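Summary of the model geometry
Now for the letters of each chain:
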Amino acid sequence: MNRVIAIADRTVLASLKLLVALNVLFFLSFLILALLAAGKARAETPACAGADMLSALQKDDPASYRKIEAEAAATPNGKGLLWKLEKAGERPSFLFGTMHMTDPRVTTLPPAAQKAFDAADTIVIETTEVLDQQKMMAAFLKEPELMMFTDSTTLSSLLSPDDAAAVNKALDARGIPPASVAKMKPWMLSTMVALPACELARQAGGTPVLDIKLAQDAKASGKAVDGLETIADQLRAMASLPLAFHMKGLVDTLKLGDRMSDVNETMIVLYQRGDIGMFWPLFRAVLPGGEDDSAGYAAFEETMITRRNKVMIDHARPILAKGNAFMAVGALHLPGAEGLVEDFRKAGYIVTAVE
């Protein structure tokens with residue numbers, strides 16, 4: 001069985017969901033740093049590895065590749081990262097899709113996006129609370145049950161002995177003493193195992209993810225910076241998914257092991273190409289359909305993408321009314337019939353892709 005087909009198992013989708021979660025909740029990067037700080041973060045930055053799964057799929061299973069391409073092509077607004085927002089009586093603004101990663105291929109803006117960013121008066125990101133450590137910690141402390149087990153439950157108590165040993169081994173490998181995170185909810189620990197070592201090391205070393213870099217650059221140049229959500233909003237969305245979903249995702253991702261680098265590399269390649277409409281078809285293609293997984297997948301997309309899109313639109317309107325804004329949110333929010341591009345059209349904007 002070739003390498004691509006070998007990865008088409010149920011562990012892949014769980015890992016993809018976790019990686020997607022990191023790309024729709026960018027403040028999780030700061031939780032990663034907090035977890036690393038609790039242990040012995042490694043000083044060296046390991047080399048990034050990983051293969052583009054789509055390239056391998058195109059070569060080894062062209063029929064499956066064509067099916068993914070066809071589904072992506074049918075996805076509304078599935079091509080492009082930068083979109084112009086126009087409405088009568090308002091100066092035009094821009095919508096840009098990000099990846100919440102530190103990889104230089106991600107943090108270097110395409111020329112058209114850089115031009116729009118430079119000319120904007122206001123930069124809008126998902127939440128500005130991550131720019132203020134005191135505000136961020138205050139938000140965490142207000143609702144600790146969203147991040148921690150506040151009763152007698154521990155992570156190990158929800159795992160089989162074998163799975164608990166696997167989790168502890170993975171945490172040790174990342175410099176996190178298992179005892180220091182025993183009360184943390186599983187989705188927090190998933191942030192530690194769903195990213196390649198090179199990405200974790202860059203973040204631990206202080207390299208900002210794209211969204212934070214944009215906000216920092218904006219402040220340095222005297223631009224206004226605004227946000228669309230609170231950390232509490234994002235925490236509640238993640239915590240609202242069933243605990244069983246998070247536990248299974250954590251364990252299954254550990255089983256995926258080094259192949260997580262392939263998932264990460266594939267997402268970056270698609271992002272560079274602006275093929276954001278291909279993410280979900282790829283995720284579905286690598287999973288042999290199962291009813292339970294399909295239901296979990298649908299709940300994840302509804303909770304983490306669709307519902308939050310509606311909130312973002314509502315909060316963006318008064319900001320966009322001032323004109324000349326550059327709104328940067330996770331690229332997975334943009335495509336689809338319920339994506340931000342279509343939602344802005346429903347809200348009365350003319351939305352066009354900027355090549």
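Look up a bit, the structure's there.
The following refers to the structure shown. (Residues numbered from 1 in each chain as written. Predicted model: local features only at pLDDT ≥ 70, side-chain atom pairs only at ≥ 80, totals over all residues. Heavy atoms only, no water.)

Let us now look at the overall build of the chain. Looking only at helices and strands, one finds 18 helices and six strands in the chain. Considering only contacts within the chain whose residues lie at least 6 apart along the sequence, 84% involve residues at least 24 apart. Of the roughly 14900 Å² that the chain leaves accessible, carbon and sulfur atoms contribute 56%. (Helix = DSSP H or I, 4+ residues; strand = E, 2+ residues; numbered from the N terminus. Contact = heavy atoms within 4.5 Å. Areas by Shrake-Rupley, 256 points an atom, 1.4 Å probe, with all protein chains shown as cover.)

Read from one edge to the other, the open sheet built from six strands follows the order β4-β3-β5-β2-β1-β6, with strand pairing classed as mixed. Sheet topology places β4 (224-227) and β6 (350-353) at the edges, where each strand pairs with a single neighbour. Strand-to-strand twist of the sheet, defined as the mean angle between neighbouring strand axes without regard to direction, takes the value 25 degrees. Pairing of strand β2 (residues 93-98) with strand β5 (residues 325-330) involves five bridges; the strand directions are parallel. For F96, the partnering residue across the bridge sits in β5 and is A328. Across the sheet, helix α7 (residues 111-119) is in contact with β1 (82-86), β2, β3 (122-125) and β5; its angle to β5 comes to roughly 130 degrees. (Pairing = 2+ DSSP bridges. Axes fitted to C-alpha atoms, helices over the stretch in contact; angles between N-to-C directions.)

Across the eight residues of helix α11 (residues 197-204), six count as buried, placing the element largely inside the fold. Of all the residues in α11, the buried ones are C198, E199, L200, A201, R202 and Q203. Looking one or two places after α11, you find G206, whose phi comes out positive at around 100 degrees. (Buried < 20%, exposed > 50% of the residue type's maximum accessible area, 1.4 Å probe, protein only.)

With that settled, the discussion passes to helix α9 (residues 161-173). For α9, which comprises 13 residues, the first-to-last C-alpha distance of 18 Å matches the rise-based estimate of 18 Å (1.5 Å per residue) to within 8%. Among the residues of α9, those classed as buried are A164, V167, A170 and L171. Seen from one end, α9 has its buried residues packed into an arc of 130 degrees, which puts them on one side. Every exposed residue of α9 that faces more than 90 degrees away from the buried side is listed here: P161, D162 and K169. G175 sits one or two residues past α9 and shows a positive phi near 80 degrees. (Expected span 1.5 Å × (residues − 1). Arc of directions from axis to C-beta.)

You can see D211 is positioned in helix α12 (residues 210-220). We note that D211 is buried and unpaired, the nearest opposite charge coming from R308 at a distance of 9.1 Å. A distance of 2.9 Å separates a polar atom in the side chain of D211 from a polar atom in the side chain of T98. (Lys, Arg positive; Asp, Glu negative; His and termini not counted. Salt bridge = Lys/Arg side-chain N within 4 Å of Asp/Glu carboxyl O. Polar contact = N/O pair within 3.5 Å; in protein donor to acceptor, adjacent residues only side chain to side chain.)

On to the pattern of salt bridges. When the charged atoms of two side chains lie near each other, side chains of opposite charge can form a pair. Under the definition given, this model contains 17 salt bridges. The partner of K213 in a salt bridge is D217, with the nearest N and O atoms 3.1 Å apart. Of this pair, K213 and D217 both sit in helix α12, four residues apart, roughly one helical turn. According to the relative accessible area criterion, D217 is partly exposed, its value standing at 32%. R345 is paired through a salt bridge with E342; the nearest N and O atoms lie 3.3 Å apart. Here E342 and R345 lie together in helix α18 (residues 340-346), a separation of three residues that amounts to about one turn. A cluster of three or more residues bridged by salt bridges with shared partners is formed by D103, R105, E199, R202 and E265.

A word on the packing of aromatic side chains. For the structure on display, the rule yields three aromatic pairs. Each member of the aromatic cluster is reached from another via a ring pair, and the members are F96, F117 and F326. Its end group placed over the ring of F117, K223 keeps NZ or CZ at 5.9 Å from the ring centre. (Phe/Tyr/Trp six-rings, centres within 6.5 Å; stacked < 30°, edge-to-face > 60°. Lys NZ or Arg CZ within 6 Å of the ring centre and 35° of its normal.)

Let's shift gears to the packing of helix α4 (residues 53-60) against helix α5 (residues 62-73). Each pair of packed helices can be summarised by the angle the axes make with each other and by the distance between the axes. The N-to-C vectors of α4 and α5 enclose an angle of 125 degrees; their axes lie 5 Å apart at closest approach. Between α4 and α5, the angle is such that the two are oblique. Here L54, L57, Q58, K59 and D60 of α4 come into contact with α5, specifically with P62, S64, Y65 and I68. In the contact of α4 with α5, the residues fall into five nonpolar, two polar and two charged. (Parallel < 35°, antiparallel > 145°, perpendicular 65-115°, else oblique. Nonpolar A, V, L, I, M, F, W, Y, C, P; charged D, E, K, R; others polar.)

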